[in-house]
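Below, each chain spelled out in residue letters.
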Amino acid sequence: GIQVEQSPPDLILQEGANSTLRCNFSDSVNNLQWFHQNPWGQLINLFYIPSGTKQNGRLSATTVATERYSLLYISSSQTTDSGVYFCAVGQAGTALIFGKGTTLSVSS
Amino acid sequence: ETGVTQTPRHLVMGMTNKKSLKCEQHLGHNAMYWYKQSAKKPLELMFVYSLEERVENNSVPSRFSPECPNSSHLFLHLHTLQPEDSALYLCASSQRNSGNTIYFGEGSWLTVV
């Protein structure tokens with residue numbers, strides 16, 4: 001099956017800093033999503049981005065499908081950005097496979 | 001509010017108990033999923049239902065029994081669980097084969113004592 005690797009596994013930031021999270025995957029996909037899991041366990045959809053670039057406020061994401069990676073950018077981080085960020089990928093007709101996540105801690 | 005509702009949010013059960021987790025989606029999707037998230041592990045896909053038929057079963061022990069009575073409801077029946085089954089169980093739904101996003105419920109925290 002497809003392998004999904006996320007880096008870094010842990011990230012500690014001061015409020016206001018920028019960060020880049022990376023997701024590498026081992027095969028071609030037609031579905032890639034980024035999620036944020038809050039401390040209560042809720043998985044929040046951030047982006048559906050099998051290719052290209054999208055932006056939503058302080059967050060943006062880029063997927064280079066031909067090179068099998070995706071990047072999530074967080075600018076001007078806030079304490080509420082803390083949590084675990086997951087990348088998940090899938091092929092046609094298959095369920096999403098999740099990476100192990102990046103745990104982000106933002107301190108004030 | 002993602003349109004996917006799970007109950008109960010928290011459940012403590014003994015190893016000899018029988019309980020069920022419930023999931024309901026209000027998004028008109030045709031596929032529903034159960035994922036398991038244990039401490040320090042990535043989300044693991046357990047079951048996939050598409051148009052009320054089970055299409056994936058990732059070698060899940062028989063003490064977990066899913067049921068999908070219609071496209072909006074999904075259950076996970078639990079019996080004779082082990083302490084290592086304690087985890088966060090997440091339900092999700094999507095419009096399968098159309099590339100749309102998958103939406104998760106808030107999860108059910110299960111503790112087996």
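Residues numbered from 1 in each chain as written. Chains lettered and ligands numbered in written order. Predicted model: local features only at pLDDT ≥ 70, side-chain atom pairs only at ≥ 80, totals over all residues. Heavy atoms only, no water.

Enquirer: Any chance you could break down the overall build of chain B for me, citing the residues and the numbers?
Expert: Within chain B, the regular secondary structure consists of zero helices and eleven strands. Secondary structure elements in chain B, listed N-terminal to C-terminal, are β-β-β-β-β-β-β-β-β-β-β. For 113 residues, the compact-globule estimate of 2.2 N^0.38 gives 13 Å, and chain B sits close to it at 13 Å. Reported as C-alpha extents along the three principal axes, the dimensions of chain B are approximately 40 × 25 × 25 Å. Here chain B holds 113 residues, and the buried ones make up 48% of them. A separation threshold of at least 6 residues defines the contact pool for chain B, and within that pool the share at least 24 residues apart is 54%. Here chain B has roughly 5,300 Å² of accessible surface; of this, 48% comes from carbon and sulfur atoms. For chain B, the distance from the average site of its 10 positive side-chain charges to the average site of its 10 negative ones is 7 Å. (Helix = DSSP H or I, 4+ residues; strand = E, 2+ residues; numbered from the N terminus. Rg over C-alpha atoms; globule rule 2.2 N^0.38 Å. Buried < 20%, exposed > 50% of the residue type's maximum accessible area, 1.4 Å probe, protein only. Contact = heavy atoms within 4.5 Å. Areas by Shrake-Rupley, 256 points an atom, 1.4 Å probe, with all protein chains shown as cover. Lys, Arg positive; Asp, Glu negative; His and termini not counted. Charge placed at Lys NZ, Arg CZ, Asp CG, Glu CD.)

Enquirer: Any chance you could break down the packing of aromatic side chains for me, citing the residues and the numbers?
Expert: For the coordinates displayed, the defined rule picks out eight aromatic pairs over all chains. Here A:Phe86 and A:Phe98 contribute two aromatic rings whose centre-to-centre distance is 6.1 Å and whose plane-to-plane angle is 80 degrees, an arrangement assigned as edge-to-face. With A:Phe86 in strand E9 (residues 83-90) and A:Phe98 in strand E10 (residues 97-98), this residue pair connects regions lying twelve residues apart in the sequence. Between B:Tyr35 and B:Phe104, the aromatic rings sit 5.5 Å apart at their centres with planes inclined by 55 degrees, giving tilted as the arrangement. Highlighted residues: B:Tyr35 in strand E4 (residues 31-37) and B:Phe104 in strand E10 (residues 103-104), separated in sequence by 69 residues. A residue is classified by how much of its surface remains accessible, and B:Tyr35, at 0% relative accessible area, is buried. (Phe/Tyr/Trp six-rings, centres within 6.5 Å; stacked < 30°, edge-to-face > 60°.)

Enquirer: Summarise the state of the cysteines; cite the residues concerned and give the values.
Expert: Using the criterion set out here, one finds two disulfides over all chains in the structure. Between A:Cys23 and A:Cys87 runs a disulfide, and the two sulfur atoms are separated by 2.0 Å. Across the disulfide from A:Cys23 to A:Cys87, rotation about the S-S bond amounts to roughly -60 degrees, and the bridge is consequently left-handed. With A:Cys23 in strand E3 (residues 19-25) and A:Cys87 in strand E9, the pair connects residues that are 64 residues apart, well separated along the chain. The thiol sulfur of B:Cys68 is not disulfide-bonded, and the nearest other cysteine sulfur, from B:Cys91, lies at 9.1 Å. B:Cys68 sits in the buried class, given a relative accessible area of 12%. (Disulfide = S-S within 2.5 Å.)

Enquirer: Which residues make up the sheet that holds strand E1 (residues 4-7) of chain A, and what values go with them?
Expert: Residues and elements named next belong to chain A. Pairing within the open sheet is antiparallel, and its five strands lie in the order E1-E3-E8-E7-E6. Of all the strands in the sheet, just E1 and strand E6 (52-56) have a single pairing partner and so form its edges. When strand polarity is set aside, the average angle formed by the axes of neighbouring strands in this sheet is 15 degrees. As paired strands, strand E7 (residues 59-64) and strand E8 (residues 69-74) are joined by six bridges and run antiparallel to one another. (Pairing = 2+ DSSP bridges. Axes fitted to C-alpha atoms, helices over the stretch in contact; angles between N-to-C directions.)

Enquirer: Quick rundown of the layout of surface pockets? Include the residues and the values.
Expert: Approximately 700 Å³ is the volume found for the largest pocket. Lining the largest pocket are 31 residues; nearest its centre among them are A:Phe86, A:Lys100, B:Gln37, B:Lys40 and B:Lys41. (1 Å grid on protein atoms, 1.4 Å probe; cavity = no way out; pocket = protein on both sides within 12 Å on 5 of 7 lines; lining within 4 Å. Points joined across faces, edges and corners; volume = space filled by probe spheres on them.)

Enquirer: I'd like a description of the interface of chain A and chain B, backed by residues and values.
Expert: Contact residues are listed per partner, giving 19 residues for chain A and 23 residues for chain B. Summed over both partners, the interface of chain A with chain B comes to about 1,600 Å²; 56% of that surface belongs to carbon and sulfur atoms. When the area that chain A buries against chain B is broken down by residue, the three leading residues are A:Gln42, A:Ala95 and A:Phe98, summing to 29%. Here chain A and chain B share zero salt bridges between them. Here chain A is connected to chain B by seven residue pairs in polar contact (both at pLDDT 80 or more). (Buried area = accessible area lost by both parts, 1.4 Å probe. Salt bridge = Lys/Arg side-chain N within 4 Å of Asp/Glu carboxyl O. Polar contact = N/O pair within 3.5 Å; in protein donor to acceptor, adjacent residues only side chain to side chain.)

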